Amino acid sequence: QGAVDLARKAIELGEAVEETRSAVVGGQLRTLRLRVSPVAGGAAGIAIHVTDSENAREQISKQQRAHDEALNYLAEGIAVFDLQKRLVFHNRAFEQMWNLDPGFLQEQPAHAAWLDYLKEKRKLPAHANYAEWRARELALYQEVAELPEDFWVLPDGRMLRIARQRHPNGDLLMIFSDITNEVALKSSYDALVQTQKAALDKLHEAVVVFGLDGRLKLSNPAFQEMWTLEAGQLEDDMPFEKVVELCQALFHDRAVWAQVRARITDPSPEARTEYRGEMRRSDESVLKFLTRPLPDGATLVAFQDITADRRVEDALRERAEAFEQADKLK
């Protein structure tokens, strides 16, 4: 009956018609593409077996739907523009991030129209020449090199990271990440580090700070002076072993250095305690040192030159011993 109806339709329209239908062939359900064309005295048709291709198409369609649904759970806003520069996909985060009218999105607006819409709503970064900036954005569809990553500072104070990727079929995928809190935290952290460094620089004690990974985070000028280091010898993130190599000319007791390293890199509660000791260096100076764990997992190591104190102690001890010997002689 289906073929008869298709033939009747072809005759009425006077042109070939096609339909894809399911039918039982040889006891198995098959998918057939029927094409019927009008001919003199009736209609002629052909049936093409397309079961495998239709199954593959359905499988791809299911995978695409699953992929799109997964994107809806991401915190980043996702938008896909096709080769005609029209919005063909977006996830929920994209809609919420820009507070867009669902009706506007359902119309699959062009990329240019979407930008104009955001400008009208005062949601885009300020630009001295908006038309020129928009033209550069749209020119990215012809970009053959790696697509750039941008940062947009919006009028409401948010900062977005914009990443772009090219789809295999040429579509342009855009990923919008709200990094406002991340930037604020980094700014606070940098300010805290600068405050700490300024405080360390004013100390007379030599101080270095190592992270839990055993790498140098901070040092003050007194440390370089105490260990006779030249400017530039200490580098950010320098491993503890490299710092020790610079200091070994004055103090080469590896066992003591190993004790200090254990207090820095061992995360166990037993190791994360204050440790004190002394170093008698090859230049006859004596240093008192301590390691102190910091709340962020780092460890502060401070050195104080107590050579003068030790000389006074030695002198007093020698005098006391001399008096004791004199008393014995009497």
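For the structure itself, consult the block above.
Calculation criteria
Residues numbered from 1 in each chain as written. Predicted model: local features only at pLDDT ≥ 70, side-chain atom pairs only at ≥ 80, totals over all residues. Heavy atoms only, no water. Pairing = 2+ DSSP bridges. Helix = DSSP H or I, 4+ residues; strand = E, 2+ residues; numbered from the N terminus. Axes fitted to C-alpha atoms, helices over the stretch in contact; angles between N-to-C directions. Core = buried A, V, L, I, M, F, W, Y, C linked by side-chain atoms within 4.5 Å. Buried < 20%, exposed > 50% of the residue type's maximum accessible area, 1.4 Å probe, protein only. Contact = heavy atoms within 4.5 Å. Polar contact = N/O pair within 3.5 Å; in protein donor to acceptor, adjacent residues only side chain to side chain. Parallel < 35°, antiparallel > 145°, perpendicular 65-115°, else oblique. Left-handed = near helix turned anticlockwise from the far one by under 90°. Nonpolar A, V, L, I, M, F, W, Y, C, P; charged D, E, K, R; others polar. Phe/Tyr/Trp six-rings, centres within 6.5 Å; stacked < 30°, edge-to-face > 60°.

### Brief notes about the sheet that holds strand β4 (residues 77-81)
And step 1. Pairing in this open sheet of five strands is antiparallel, and the strands run β5-β4-β8-β7-β6 from one edge to the other. For this open sheet the edge positions go to β5 (87-90) and β6 (150-153), each flanked by a neighbour on one side alone. Strand-to-strand, the axes of this sheet are offset by a mean angle of 25°, without reference to chain direction.
And step 2. Sheet analysis places β4 next to strand β8 (residues 172-178), joined by five bridges and oriented antiparallel. Within β8, the position partnered with Phe 81 by the bridge is Leu 172.

### Description of the nonpolar core
And step 1. With 28 residues, the main nonpolar core has Phe 94, Trp 98, Leu 100, Trp 114, Trp 152 and Phe 176 as its most contacted residues.
And step 2. The element contributing the most residues to this core is helix α5 (residues 111-120), with five residues.
And step 3. Setting aside anything within four residues of it in sequence, one finds Trp 98 in contact with Trp 114, Leu 118, Lys 123, Trp 152, Leu 154, Leu 160 and Phe 176.
And step 4. The next biggest cluster of nonpolar side chains, apart from the first, holds 26 residues, and it includes Ala 222, Phe 240, Cys 247 and Met 279.

### A closer look at α5
And step 1. Where α5 is concerned, the buried positions are His 111, Ala 112, Trp 114, Leu 115, Tyr 117 and Leu 118.
And step 2. Where α5 is buried, its residues contact β4, α3 (92-98), α4 (102-106), α6 (130-138) and β8.
And step 3. Note on α5: the residue one or two positions beyond its end, Arg 122, has a positive phi of about 60°.

### So, the pairing of strand β12 (residues 286-293)
And step 1. Of the pairings in the sheet, the one linking strand β11 (residues 275-280) to β12 comprises six bridges and is antiparallel in character. Of the residues in β12, the one forming a bridge with Met 279 is Leu 287.
And step 2. Hairpin connection between β11 and β12: a loop of five residues separates the two successive antiparallel strands, and Glu 284 in this loop has a positive phi of roughly 75°.
And step 3. Note: β12 against strand β13 (residues 299-305), seven bridges, orientation antiparallel. Residue pairing for β13: Arg 292 is matched across the bridge by Leu 300.

### Some thoughts on the sheet that holds β12
And step 1. Spatial strand order, β10-β9-β13-β12-β11: five strands in an open sheet with antiparallel pairing. Across the chains shown, the open sheet's two edge strands, defined by having one partner strand only, are β10 (216-219) and β11. Strand-to-strand twist across the sheet, computed as the mean angle between neighbouring axes with direction ignored, equals 20°.
And step 2. Strands in contact with helix α7 (residues 180-201) are β9 (206-210) and β10; relative to β10, the strand with the most contacts, it is inclined by about 50°.

### A few points about the side chain of Asn 220
And step 1. With respect to the helices, strands and loops of the structure, Asn 220 is situated in the loop between β10 and α8 (221-226).
And step 2. Exposure remark for Asn 220: the relative accessible area of 0% places this residue in the buried category.
And step 3. Of the polar contacts made by the side chain of Asn 220, one reaches the backbone nitrogen of Val 207; its length is 3.0 Å.
And step 4. Setting aside residues no more than four positions away along its own chain, Asn 220 makes contact with Leu 200, Asp 201, Leu 203, Glu 205, Ala 206 and Val 207.

### Some points on the packing of helix α9 (residues 240-247) against helix α10 (residues 254-265)
And step 1. Contact geometry for α9 and α10: axes closest at 11 Å, N-to-C directions at 150°. It follows that α9 is roughly antiparallel to α10 by the angle criterion. In this structure, α9 meets α10 at a crossing whose hand is right-handed. Side by side, α9 and α10 meet where Phe 240, Glu 241, Val 244 and Cys 247 of the first sit next to Trp 257, Val 260, Arg 261 and Ile 264 of the second.
And step 2. Residues that form the contact of α9 with α10 fall into these classes: six nonpolar, no polar and two charged.

### Points about unusual backbone geometry
And step 1. The phi angle at Asn 99 is positive, at roughly 50°, despite the residue not being glycine.
And step 2. Secondary-structure assignment places Asn 99 in the loop between α3 and α4.
And step 3. The phi dihedral of Arg 122 is positive, around 60°, even though this residue is not glycine.
And step 4. Tracing the backbone shows Arg 122 in the loop between α5 and α6.

### A word on the packing of aromatic side chains
And step 1. By the definition in use, this model includes 20 aromatic pairs.
And step 2. A ring pair is formed by Phe 94 and Trp 114, whose centres lie 5.7 Å apart and whose planes are at 35°; its orientation type is tilted. Linking Phe 94 in helix α3 with Trp 114 in helix α5, this pair joins segments that are 20 residues apart in sequence.
And step 3. Take Phe 94: its relative accessible area is 0%, and that puts it in the buried class.
And step 4. The buried category is assigned to Trp 114, whose relative accessible area is 0%.
And step 5. Taken together, a centroid distance of 5.7 Å and an interplanar angle of 50° make the contact between Phe 94 and Phe 176 tilted.

The values are spatial; any link to function lies outside them.
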